[in-house]
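A look at the structure
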Amino acid sequence: MVIGFILIIVVGCVKVGGVAEVWSRAEQGMRTTLFDFRVDPTITLAFWPTVFGGAVLMAGYAGTNQNQAQRYLTCKDVRSAKMAVFLGFTWTGILENLAVVAGLVIFSFYFGCDPLTSGKISKGDQILPYYVVDVFGEVPGLTGLLVSAVFSASLSTVSTGINGVATVFGEDVVKKLWPHLPESKFTMIVKITSVFNGLLFMALAFVASVSGNLITKLGQSIVGALNGPVLATFLLGILVPRGNAKGATTGLIVGVCLGIWLLIGGLFYPSQSSSLPLSTDLCPSSDSINVTHVYTTMYTSSEPPITTTLASDDGPADITWLYSVSFLYLSIMTAIPTFLIAFMVSLLSCKGNKPVDVSLLSPVVLPLYCCLPPSFQEVIFLEDVNSGIGKEEVI
């Protein structure tokens, strides 16, 4: 993937006329805004939702997702797992930045003669394969190699998801229903589940091919809405010594219901997206349709060219505004109520709870204990922080 991106960038820059020309065309097309500091929560990928919403989203993905957890378990110790996380995020950042630069190069290469607008491709996500065939088609085998690099990356992610769903189903459903099931039969059930999941993924791929961006947007919203309650439940367990099953279950149910409500509201009151202009003015006469294509609204010079979501005009504005919030904020909107409700229910139902094992708490909990007023210490902690350890010893 890295080699593919580098080839796309280098060859594209050479054909366009250099890095300076790529940047000049990107500026003319309003593609060079690096940061948008507007606080409007309906702006999908501005600075604030990317930093804060993205941090919560990635914390849930890296810390609570089964796909990641099964990778951590392959490491020999905790230190190796932490190093894997660090390297994973580092390489992800590198690849995402390479993808952005490659996008700028491809935009500059087709500057004034957009393949989507001119009808050479039917969907925006076909632009990369089209570019690869257009630029590298004369080199035998190179086109297939570059396209296969993209698909192999997708397949590795899909295979991880299939295996993760099968593992969760086996451990949390099959073993709970049949705890004494022989290992051979359990393995066969998990394998059958993997095959079923694979067929389901293939069916969803066909649906996605005819649904435009609906599946992508719905998937992003589902992850954003349901990631928050799961993250909050994990945080309850590692940060709150009085956290218990009643509190976790209550908070999780409320958080999931809130997330589902936001999802359903978004379907009934879909937001409207506005994209930057694309032109065919410089196409050859046989290809040009002599229009400048703008998906919804073209920004004026006083507005940063960042994709924005706008609330629908139908229905009460105070309700539809919530449905137009960036999907990156959905994790925060569902995580905070989940944690607070779980915390309160745990405090109200903690009578008779056994002392919590210190090793199950985050390392930051016990140092913070010393800073709390005595009244809060009694509320948040059990009488003994750990079995056989008094509060004075902990302090």
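Here the structure is a predicted model, which means the values were calculated and not measured. (Residues numbered from 1 in each chain as written. Predicted model: local features only at pLDDT ≥ 70, side-chain atom pairs only at ≥ 80, totals over all residues. Heavy atoms only, no water.)

Thoughts on the side chain of threonine 64
- Relative to the elements of secondary structure, threonine 64 occurs in helix 3 (residues 47-64).
- Accessibility expressed as a relative area gives 18% for threonine 64, which makes it buried.
- Reaching out from threonine 64, the side chain makes a polar contact with the backbone oxygen of glycine 60 at a distance of 2.5 Å. (Helix = DSSP H or I, 4+ residues; strand = E, 2+ residues; numbered from the N terminus. Buried < 20%, exposed > 50% of the residue type's maximum accessible area, 1.4 Å probe, protein only. Polar contact = N/O pair within 3.5 Å; in protein donor to acceptor, adjacent residues only side chain to side chain.)

Some words on helix 12 (residues 327-348)
- Compared with the 32 Å implied by 1.5 Å per residue over 22 residues, the 33 Å span of helix 12 between its first and last C-alpha is a close match.
- Where helix 12 is concerned, the buried positions are Phe327, Leu328, Tyr329, Leu330, Ser331, Thr334, Ala335, Thr338, Ala342, Phe343 and Ser346. (Expected span 1.5 Å × (residues − 1).)

Focus on a nonpolar patch on the surface
- There is a patch of nonpolar side chains on the surface, built from Leu214, Leu218, Ile222, Leu226, Ile260, Ile264, Leu267 and Phe268 and spanning about 710 Å² of accessible area.
- For the nonpolar patch, the secondary-structure elements that each account for two or more residues are helix 9 (214-239) and helix 10 (245-268). (Patch = residues over 30% accessible without salt bridge, like charges linked within 9 Å, V, L, I, M, F, W, Y side chains within 5 Å. Areas by Shrake-Rupley, 256 points an atom, 1.4 Å probe, with all protein chains shown as cover. Salt bridge = Lys/Arg side-chain N within 4 Å of Asp/Glu carboxyl O.)

Describing the packing of aromatic side chains
- Under the defined criterion, the tally for this structure stands at 13 aromatic pairs.
- Here phenylalanine 47 and tryptophan 48 contribute two aromatic rings whose centre-to-centre distance is 4.8 Å and whose plane-to-plane angle is 85°, an arrangement assigned as edge-to-face.
- Accessibility expressed as a relative area gives 23% for phenylalanine 47, which makes it partly exposed.
- A relative accessible area of 27% places tryptophan 48 in the partly exposed class.
- With 5.9 Å between their ring centres and 75° between their planes, phenylalanine 107 and phenylalanine 111 make a pair best called edge-to-face.
- Of the residues examined, phenylalanine 107 reaches a relative accessible area of 16% and is grouped as buried.
- Among the residues examined, phenylalanine 111 registers a relative accessible area of 24% and is labelled partly exposed.
- Following the ring pairs from residue to residue traces out a cluster consisting of Phe35, Phe37, Phe47, Trp48 and Phe52.
- Directly above the ring of phenylalanine 186 sits lysine 175, whose terminal nitrogen or CZ lies 4.8 Å from the centroid. (Phe/Tyr/Trp six-rings, centres within 6.5 Å; stacked < 30°, edge-to-face > 60°. Lys NZ or Arg CZ within 6 Å of the ring centre and 35° of its normal.)

Overview of helix 9
- The end-to-end C-alpha distance of helix 9, which contains 26 residues, comes to 37 Å, matching closely the 38 Å that a straight helix rising 1.5 Å per residue would cover.
- At asparagine 227, helix 9 shows its largest kink, close to 30°, and the proline proline 229 lies no more than four residues downstream.
- For helix 9, every residue scored as buried is listed here: Gly224, Ala225, Asn227, Gly228, Pro229, Leu231, Ala232 and Leu236.
- Looking at the buried positions of helix 9, the neighbouring elements they touch are helix 3, helix 10 and helix 12. (Bend = angle between axes of the 7 residues up to and from the residue. Contact = heavy atoms within 4.5 Å.)

A look at the UniProt feature "transmembrane region" (unreviewed entry) in the chain
- Residues given the UniProt feature "transmembrane region" (unreviewed entry) here are residues 42-63, 84-111, 145-169, 189-210, 222-240, 252-269 and 321-345.
- Each end of residues 222-240 is marked by a C-alpha atom, and these two atoms are 27 Å apart; helix forms 95% of the span and strand 0%. (UniProt positions renumbered as here; feature names shortened; annotations may be inferred.)

A closer look at unusual backbone geometry
- The residue methionine 30 is not glycine, and still its phi comes out positive at about 60°.
- By the element assignment, methionine 30 lies in the loop between helix 2 (19-28) and helix 3.

Section: the packing of helix 7 (residues 142-177) against helix 8 (residues 183-210)
- The N-to-C vectors of helix 7 and helix 8 enclose an angle of 135°; their axes lie 9 Å apart at closest approach. Accordingly, the angle class assigned to the pair helix 7 and helix 8 is oblique. In this structure, helix 7 crosses over helix 8, and the sense of that crossing is right-handed. On helix 8, the residues that touch Val158, Ile162, Val165, Ala166, Phe169, Gly170, Glu171, Val174 and Lys175 of helix 7 are Phe186, Ile189, Val190, Thr193, Ser194, Asn197, Gly198 and Phe201.
- Per-class residue counts for the contact of helix 7 with helix 8 are 10 nonpolar, 5 polar and 2 charged. (Axes fitted to C-alpha atoms, helices over the stretch in contact; angles between N-to-C directions. Parallel < 35°, antiparallel > 145°, perpendicular 65-115°, else oblique. Left-handed = near helix turned anticlockwise from the far one by under 90°. Nonpolar A, V, L, I, M, F, W, Y, C, P; charged D, E, K, R; others polar.)

Describing the nonpolar core
- Ranked by size, the top nonpolar core spans 17 residues in total, and within it Ile8, Ile9, Val105, Tyr131 and Phe136 carry the most contacts.
- Those elements that provide at least two residues to this core are helix 1 (2-16), helix 5 (78-109), helix 6 (127-136) and helix 7.
- Looking at which element gives the most residues to this core, the answer is helix 1, with 5 residues.
- Counting residues in hydrophobic clusters, the runner-up holds 6 residues, among them Leu262, Tyr323, Leu328 and Leu330. (Core = buried A, V, L, I, M, F, W, Y, C linked by side-chain atoms within 4.5 Å.)

Some words on the pattern of salt bridges
- If you walk through the whole model with that rule in mind, you get 3 salt bridges.
- Here glutamate 21 makes a salt bridge to arginine 25, at a shortest N to O gap of 2.9 Å. Linking glutamate 21 with arginine 25, this pair stays in helix 2, spanning 4 residues, or about one helical turn.
- For glutamate 21, a relative accessible area of 29% puts it in the partly exposed group.
- Among the salt bridges present, the one from glutamate 171 reaches lysine 175, with a minimum N-O distance of 3.5 Å. With a gap of 4 residues between them, glutamate 171 and lysine 175 both fall in helix 7, about one helical turn apart.
- Look at lysine 175 and you get partly exposed, because its relative accessible area is 33%.

Quick word on the packing of helix 3 against helix 9
- Between helix 3 and helix 9, the least distance of the axes is 9 Å, while the angle of their chain directions is 60°. As helix 3 runs across helix 9, the sense of the crossing is left-handed. In this structure, helix 3 contributes Val56, Leu57, Ala59, Gly60, Tyr61, Gly63 and Thr64 to the contact, and helix 9 contributes Val223, Gly224, Asn227, Val230, Leu231 and Phe234.
- Considered class by class, the residues forming the contact of helix 3 with helix 9 number 8 nonpolar, 5 polar and no charged.

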